[in-house]
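What follows is the residue order along each chain.
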Amino acid sequence: LIAFLLYLFYLVMPIGQLIQGGVQLQQGLAAMKRIKEIEDLPAEPVGAAPAGSDEPVGVTFDDVVFRYGDDRPVVHDGVSFEVPPGGLTALVGPSGAGKSTVFALLERFYEHQAGLITIGGRDIRDWPLSELRSTLGYVEQDAPVLAGTLRENLLFAAQEATEDELNRAIARTRLDDLVARLPEGLDTAVGHRGVLLSGGERQRVAIARALLRKPRLLLLDEATSQLDAVNELRLREVIAEVAAETTVLVIAHRLSTVTNADRIVVMEGGGVRAVGTHAELVGADELYRELAATQFLVS
Ligand code: ATP
């Protein structure tokens, strides 16, 4: 019986190896086919700016669903909107509408649970984080001035910037007047240990700091602090100028910003309720009309 079993074992084993070999061959062929399919795919989705370039990138949100945790309520419930490359797009809406969450998802501080987010035509999940972070610039609301000189503040995240690049960022953000006024120009200490800057100047310093990193998409959470007429006008000019060269997505708290925007996305309760220009929305959207009536200084 033992001899018979041994005989069976030797008979069956090669058949098993043969089957295994066949499976491996099939897997190999399938893998080759898949590689061929991948090779045949376009390297980047159509319309995408090439990686590593300075060209502005667009953004799409397609039916995006998001909550901050399993036991938390849904923040975004099927959010869809499109930001073409270049130009100024404003996000507006009452407090809690989900505007800051749009920024948090674009920076990939959180992952959305459903739907698709693209930057430069590419699924946000496919962006290497380091590449994504160098593509995006973020200017926070009421950005603090760091302890140190104005130069240090501007070069904080772009130590390798040239003097020319620094001067250009200063000119683009209308900070020349400030530099001329400061006793030691760019080398004057600012912040709580030095010359105090106004809310408008602080925001322009933050924009200049972000521009020195050459972002292809600038996320700007507009300062809520009241600005005097001169600073308000300067900020409007700066945003318009930056938007001529890169994509700017701004959480807007000011009417002067939205009236200039190429498009405005009106958010409410975790959804997008309307998209249009200021003139279009004033005529078509009741919530927008109300926001406009209160000058957007609502959140
Ligand atoms: P605001 O203008 O007041 O900043 P917003 O439109 O930017 O409002 P979000 O900050 O995106 O709105 O908040 C949307 C919802 O998500 C709110 O209900 C808020 O309480 C909730 N939320 C925001 N951040 C978190 C977080 N880190 N954890 C849990 N819930 C959060």
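All of these numbers come straight from a predicted model, not from anything done at the bench. Throughout, residues of each chain are indexed from 1 in the direction in which the sequence is written. Two thresholds apply to this predicted model, a pLDDT of at least 70 for residue-level local features and 80 or more for giving and counting side-chain atom pairs, whereas whole-chain, interface and lining totals are computed over all residues.

Asker: What's the story with the sheet that holds strand 4 (residues 114-119) in this structure? I'm lost.
Answerer: Two pairing modes exist for strands in a sheet, parallel and antiparallel, and in both the strands are linked by backbone hydrogen bonds. Strands sit in the order 2-1-4-5 across an open sheet of 4 strands; the sheet is antiparallel. Two strands lie at the open edges of the sheet, namely strand 2 (74-83) and strand 5 (122-123), each paired on one side alone. Each of strand 1 (59-67), strand 2 and strand 4 touches helix 2 (residues 99-106); the most contacted strand, strand 1, lies at about 105° to it. Strand pairing requires that DSSP identify at least two bridges connecting the strands. Numbering of helices and strands starts at the N terminus; helices are DSSP runs of H or I of at least 4 residues and strands are runs of E of at least 2. Two residues qualify as being in contact provided that their C-beta atoms, derived from the backbone, are within 7 Å of each other. For every element, the axis is a line fit to its C-alpha atoms; helices are fit only across the contacting stretch, and the angle between N-to-C directions ranges from 0 to 180 degrees.

Asker: Any chance you could explain the environment of alanine 210 here in plain terms?
Answerer: Secondary-structure assignment places alanine 210 in helix 7 (residues 199-211). Overall, the presence of 25 C-beta atoms within 10 Å leaves alanine 210 in the buried class. Between the C-alpha atoms of alanine 210 and alanine 161, which are 49 residues apart in sequence, the distance is 12 Å. Residues contacting alanine 210, with those up to four places away along its chain left out, are Gly137, Tyr138, Val139, Pro215 and Leu218. Any residue whose C-beta has 12 or fewer other C-beta atoms within 10 Å is treated as exposed, any with 20 or more as buried, and any in between as partly exposed, C-beta atoms being built from the backbone.

Asker: Can you help me understand the packing of helix 7 against helix 8 (residues 229-243) in this one?
Answerer: Any two packed helices are characterised by the angle at which their axes cross and by the distance between the axes. Put simply, helix 7 and helix 8 touch, their axes get as near as 10 Å, and they point 15° apart. Our classification of the angle between helix 7 and helix 8 gives roughly parallel. For the element pair helix 7 and helix 8, the recorded crossing hand is left-handed. Two secondary-structure elements touch here, helix 7 through Gly200, Gln203, Arg204, Ile207 and Leu211 and helix 8 through Asn231, Arg234, Leu235, Val238 and Val242. Across the contact of helix 7 with helix 8, the residue classes tally to 5 nonpolar, 3 polar and 2 charged. Angle categories: roughly parallel below 35 degrees, roughly antiparallel above 145, roughly perpendicular from 65 to 115, and oblique for all the rest. Working rule for handedness: look at the near helix, and if it is turned counterclockwise from the far one by less than a right angle, call the crossing left-handed; if clockwise, right-handed. Under this grouping Gly is polar, as are all residues other than the nonpolar Ala, Val, Leu, Ile, Met, Phe, Trp, Tyr, Cys and Pro and the charged Asp, Glu, Lys and Arg.

Asker: What exactly am I supposed to notice about the pairing of strand 12 (residues 271-276) here?
Answerer: On a regular strand, one side chain projects to one face of the sheet and the next to the other, so that they alternate. By the bridge criterion, 5 bridges tie strand 11 (residues 263-268) to strand 12 in an arrangement that is antiparallel. Its bridge partner being in strand 12, isoleucine 264 is matched across the sheet by glycine 276. Joining the antiparallel neighbours strand 11 and strand 12 is a turn of 2 residues, in which glycine 269 adopts a positive phi near 55°.

Asker: How should I be thinking about the sheet that holds strand 9 (residues 217-221) in this particular structure?
Answerer: One open sheet holds the 6 strands; their spatial order is 6-9-10-3-11-12, and the pairing between them is mixed. The open sheet terminates on both sides in strands that have one partner only, identified here as strand 6 (136-139) and strand 12. Neighbouring strand axes in the sheet, compared pairwise and without regard to direction, differ in orientation by 20° on average. Taken together, the 4 bridges between strand 6 and strand 9 define a ladder with parallel strand orientation. Among the inter-strand pairings, leucine 136 is bridged to a residue of strand 9, identified as leucine 217. Those strands touched by helix 2 are strand 3 (87-92), strand 6, strand 9, strand 10 (247-251) and strand 11, and its axis lies near 145° from that of strand 9. The sheet contacts of helix 7 involve strand 6 and strand 9, and relative to strand 6 the element is tilted by about 165°.

Asker: Is there a simple way to explain the environment of leucine 281 in this structure?
Answerer: Mapped onto the elements of the fold, leucine 281 is located in helix 10 (residues 278-284). Taking the C-alpha atoms as reference points, leucine 281 and isoleucine 264, separated by 17 residues in sequence, lie 8.3 Å from one another. Excluding residues that lie within four positions of it along the chain, leucine 281 makes contacts with Ile264, Val266, Ala274, Gly276 and Tyr288.

Asker: I keep staring at the confidence of the model for the chain and nothing clicks. Help me out?
Answerer: As a per-residue measure, pLDDT tells how confident the predictor is, with possible values from 0 to 100. For the chain, the mean per-residue pLDDT works out to 85, and 81% of the residues sit at or above 70. Averaged over each element, pLDDT in the chain is lowest for helix 1 (residues 2-40) (56) and highest for strand 4 (97). Confidence drops under a pLDDT of 50 for residues 36-47, and excluding neighbours within four residues, the segment shows 6 contacts in the predicted structure. At the level of chain-chain contacts, confidence expressed as ipTM amounts to 0.96, with global pTM at 0.81.

Asker: How should I be thinking about helix 2 in this particular structure?
Answerer: Residue pairs three or four apart in sequence face the same way in an α-helix, which turns once every 3.6 residues. Looking at helix 2, one finds that the buried residues are Lys99, Thr101, Val102, Leu105 and Leu106. End-on, the buried residues of helix 2 take up no more than an arc of 160°, which puts them together on one face. Arginine 108 lies just past helix 2 and shows a positive phi near 60°. For this quantity, the arc is that covered by the directions from the helix axis to the C-beta atoms.

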